[in-house]
Amino acid sequence: MSPFALAASAIPLCLLYYLCPGRFQWMLLLAASLLLYAQGGMQPLAFLVGTALAVWGAALLIERIGAACKVSLSAAHDRAEKQALRRRAKGRQRAVLITTLFFCFGLLAMLKYLPERPLGLLVPLGISFYTFQSTGYLLDVYGGKQAAERNPARFLLFVSFFPQLVQGPIGRYHQLAGQFTQPRRFDVRNLRHGLILMLWGVFKKLVVADRALAVVDTVFGDPSPYGGAVIAVSVLMYSLQQYADFSGGVDMMLGAAQLFGIELAPNFRRPYFAVSLGDFWRRWHISLGAWMRDYVFYPFALCAPVARISKLAKKRLGAPVARALPAALGNILVFLLVGLWHGASMNYVLWGLYNGVILALSALLEPAYKRFGERHARLTASRIFHIARVLRTFVIVNIGWYFDRSPDFRDALSMLARTFTQPCLSQLTDGTLLSLGLTRMGFALLALCTLILFTVSLLQERGVHIRDSLDALPLPLRWALLYLLIGMTLMFSITGAAQSFIYAMF
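Described in the following lines is the structure provided in the data block. Not measured: the values here are computed from a predicted model. (Residues numbered from 1 in each chain as written. Predicted model: local features only at pLDDT ≥ 70, side-chain atom pairs only at ≥ 80, totals over all residues. Heavy atoms only, no water.)

1. A short note on the layout of surface pockets
Piece 1. Of the pockets and cavities examined, the largest pocket occupies roughly 1,500 Å³.
Piece 2. Taken together, 45 residues make up the lining of the largest pocket; nearest its centre are Leu197, Trp200, Gln460, Ile466 and Arg467.
Piece 3. Those elements that place two or more of their residues in the lining of the largest pocket are α9 (188-221), α10 (228-259), α20 (440-461), α21 (466-472) and α22 (475-492).
Piece 4. With eight residues, α9 is the largest single contributor of residues to the lining of the largest pocket.
Piece 5. Partitioning the lining of the largest pocket into residue classes produces 25 nonpolar, 12 polar and eight charged.
Piece 6. Taken as a whole, the second largest pocket spans an internal volume of roughly 1,200 Å³.
Piece 7. Along its surface, the second largest pocket is lined by 43 residues, and Leu277, Gly278, Asp279, Arg282 and Leu359 are the ones closest to its centre.
Piece 8. Of all the secondary-structure elements, those providing two or more residues to the lining of the second largest pocket are α11 (277-283), α12 (286-301), α14 (319-342), α15 (346-364), α16 (366-375) and α18 (383-405). (1 Å grid on protein atoms, 1.4 Å probe; cavity = no way out; pocket = protein on both sides within 12 Å on 5 of 7 lines; lining within 4 Å. Points joined across faces, edges and corners; volume = space filled by probe spheres on them. Helix = DSSP H or I, 4+ residues; strand = E, 2+ residues; numbered from the N terminus. Nonpolar A, V, L, I, M, F, W, Y, C, P; charged D, E, K, R; others polar.)

2. Brief notes about the side chain of Thr419
Piece 1. With respect to the helices and strands, the residue Thr419 is situated in helix α19 (residues 409-421).
Piece 2. A distance of 2.8 Å separates a polar atom in the side chain of Thr419 from the backbone oxygen of Met415.
Piece 3. Excluding residues that lie within four positions of it along the chain, Thr419 makes contacts with Gly228, Ile231, Ala232 and Tyr402. (Polar contact = N/O pair within 3.5 Å; in protein donor to acceptor, adjacent residues only side chain to side chain. Contact = heavy atoms within 4.5 Å.)

3. Some points on the pattern of salt bridges
Piece 1. All chains considered together, the criterion is met by 13 salt bridges.
Piece 2. Note that Asp468 is salt-bridged to Arg189, the shortest N-O span being 2.8 Å. You can see Asp468 sitting in helix α21 and its partner Arg189 sitting in helix α9, a full 279 residues away along the chain.
Piece 3. The class for Arg189 is partly exposed, based on a relative accessible area of 36%.
Piece 4. A salt bridge links Glu366 to Lys370; its shortest N-O distance comes to 4.0 Å. Taken together, the residues span about one helical turn, with Glu366 and Lys370 both in helix α16 at a distance of four residues.
Piece 5. In this structure Glu366 comes out as partly exposed when scored by relative accessible area, which is 40%. (Salt bridge = Lys/Arg side-chain N within 4 Å of Asp/Glu carboxyl O. Buried < 20%, exposed > 50% of the residue type's maximum accessible area, 1.4 Å probe, protein only.)

4. Details of empty space enclosed by the protein
Piece 1. Following the criterion strictly, the structure yields one cavity of 30 Å³ or more and no others.
Piece 2. By volume, the largest cavity amounts to about 40 Å³.
Piece 3. Lining of the largest cavity is provided by Phe129, Tyr130, Gln133, Val159, Gln164, Leu165, Pro169 and Ile170.
Piece 4. Contributing elements (two or more residues each) for the lining of the largest cavity: α5 (127-142) and α7 (162-165).

5. Structural notes on the environment of Ala89
Piece 1. Within the secondary structure, Ala89 is located in helix α4 (residues 79-113).
Piece 2. Measuring from C-alpha to C-alpha, the distance between Ala89 and Lys70 comes to 9.6 Å, with 19 residues separating the pair along the chain.
Piece 3. Residues in contact with Ala89, not counting those within four places in the same chain, are Ile65 and Cys69.

6. Notes on a nonpolar patch on the surface
Piece 1. On the surface, Val357, Leu361, Leu364, Leu365 and Tyr369 cluster together into a nonpolar patch covering about 430 Å² of accessible area.
Piece 2. When residues of the nonpolar patch are assigned to their parent elements, the largest contribution, three residues, is made by α15.
Piece 3. Turning to its location among the elements, Tyr369 is positioned in helix α16.
Piece 4. By relative accessible area, which is 47% here, Tyr369 ends up partly exposed. (Patch = residues over 30% accessible without salt bridge, like charges linked within 9 Å, V, L, I, M, F, W, Y side chains within 5 Å. Areas by Shrake-Rupley, 256 points an atom, 1.4 Å probe, with all protein chains shown as cover.)

7. Looking at the nonpolar core
The nonpolar side chains of a soluble globular protein tend to be buried with one another.
Piece 1. Judged by nonpolar contacts, the single largest core of 136 residues is most densely connected at Tyr137, Phe155, Phe260, Ile262, Trp281 and Trp401.
Piece 2. Considering every element that reaches this core, the biggest residue donor is α10, with 16 residues.
Piece 3. The residues contacting Tyr137, other than those within four sequence positions of it, are Val55, Ala59, Gln146, Ala147, Ala148, Glu149, Phe155, Phe158 and Tyr173. (Core = buried A, V, L, I, M, F, W, Y, C linked by side-chain atoms within 4.5 Å.)

8. Some words on α12
Piece 1. At Arg293, α12 shows its maximal bend, which comes to roughly 40°.
Piece 2. Taken together, the buried positions of α12 are occupied by Ser287, Leu288, Ala290, Trp291, Met292, Tyr295, Val296, Phe297 and Ala301.
Piece 3. Where the residues of α12 are buried, they touch α4, α5, α13 (304-317) and α14. (Bend = angle between axes of the 7 residues up to and from the residue.)

9. A short note on the packing of α9 against α22
Piece 1. Where α9 contacts α22, the two axes come as close as 9 Å, and the packing angle between them is 35°. With respect to the hand of their crossing, α9 and α22 are arranged in left-handed fashion. Listed contacts from α22 to Arg192, Ile196, Leu199, Trp200, Val202, Phe203, Leu206, Val207 and Arg211 of α9 are Arg478, Leu482, Leu485, Ile486, Met488, Thr489 and Phe492.
Piece 2. For the contact of α9 with α22, a count of residues per class yields 12 nonpolar, one polar and three charged. (Axes fitted to C-alpha atoms, helices over the stretch in contact; angles between N-to-C directions. Left-handed = near helix turned anticlockwise from the far one by under 90°.)

10. Topic: the packing of α10 against α20
Piece 1. Remark: α10 packs on α20, axes separated minimally by 12 Å, with the N-to-C direction vectors making an angle of 55°. Overall, the two elements α10 and α20 adopt an arrangement that is oblique. When you trace α10 past α20, the crossing you get is left-handed. Mapping the contact onto sequence places Met237, Leu240 and Tyr243 in α10 and Phe443, Leu446, Thr450, Leu453 and Ser457 in α20. (Parallel < 35°, antiparallel > 145°, perpendicular 65-115°, else oblique.)

Below you can see the structure in the form of structure tokens.
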């Protein structure tokens, strides 16, 4: 089932939800989530439920091993016996953890990355999202940060809650469990704000993303006839398309959850206002970045082998390099994995390494950045310097998109080289642009929509809460703005050629 259908299903379900007695509301959400997901087939549903039950059982087993160890420790007679009991219990917990992680990620790898899946198995919708979400919970239980959930149905709701299942964000159990089971009364503000956010997401997807897609598919499908200027335009279009597609889908899901009074974690925070590549990735797909930070970056950067490498680097390269090296290596590993998360092809691997290496160099050069900032404090505090950093980051990110979107590594290198060495500026005015799938009016409309996105993002970046600001407007003006957005969405949607969401099959 598509995110559109899921979001649309939320509206009638919302009415039933508030008519349901409070203690049964979470059960209704669970039943609805499973029924909606089952429309994609019973096989994907079986994988979802199997993953959830495996993680739920493993978390309980890990907790019970720890509880049994505490009982044994109270009867132990000396320190050596206690240490032996702790090691044995930790070893058993680790075995359960590794076995379950191997099952979950092995299933993910088999379904998503094998060129020929056994028995013709389908890739379940949102498999990466629910795998990461459930294994994050398991790692929290193993680390003692989260108590294991006793009720399998409540844990299954955490994994399968339909607004977050196909687009994210990747939730944490301690943030959502209480929200799911808390009885709720109808709140007209939640309804209004949820519907506005869903409408904004639909506008981003159908009016902006799918319109830009025509140019992206044409140029990246066969880049050979185009010079560097047209290629650069297509990369900018991809940048716009990807942002509007993914953030639009997430907005729809956040809005759908808000209809039920449930607040999902934000997943975007104006990424194209970032002042560095690291800042960009803290703003783009926030929940994936947080997952990688907590469960990959820190465990890797603080592990014993990396500590030994850092100690060796201190002797040969000095203390500043040694301090930065764990972060540098951790960033390379994280973005290599993020690249593989996008797909098991060379362009994604190189895109991940491109980002990881730049972030690694940034970590190693951080002391030099600090010295520069101290010596030129007035310059670095100026608005012009801030804008320059934003533009620099925008260029760095868009260079990375060549590898992310190109199906072939050689095409990506060729397109990148032509952008700087063979611009062919005449193609911008000789009609070539109008052969890419958009008319002159289509380009003008896309420019207007981009300006609207930019204006809204700029207001949010300055601390304006858009929906609260709408509430404060006089009623006629508020409805005029909403009807304008509805009208633009209905009139200019690319409904006939609407594509699935980019991240829906992740």
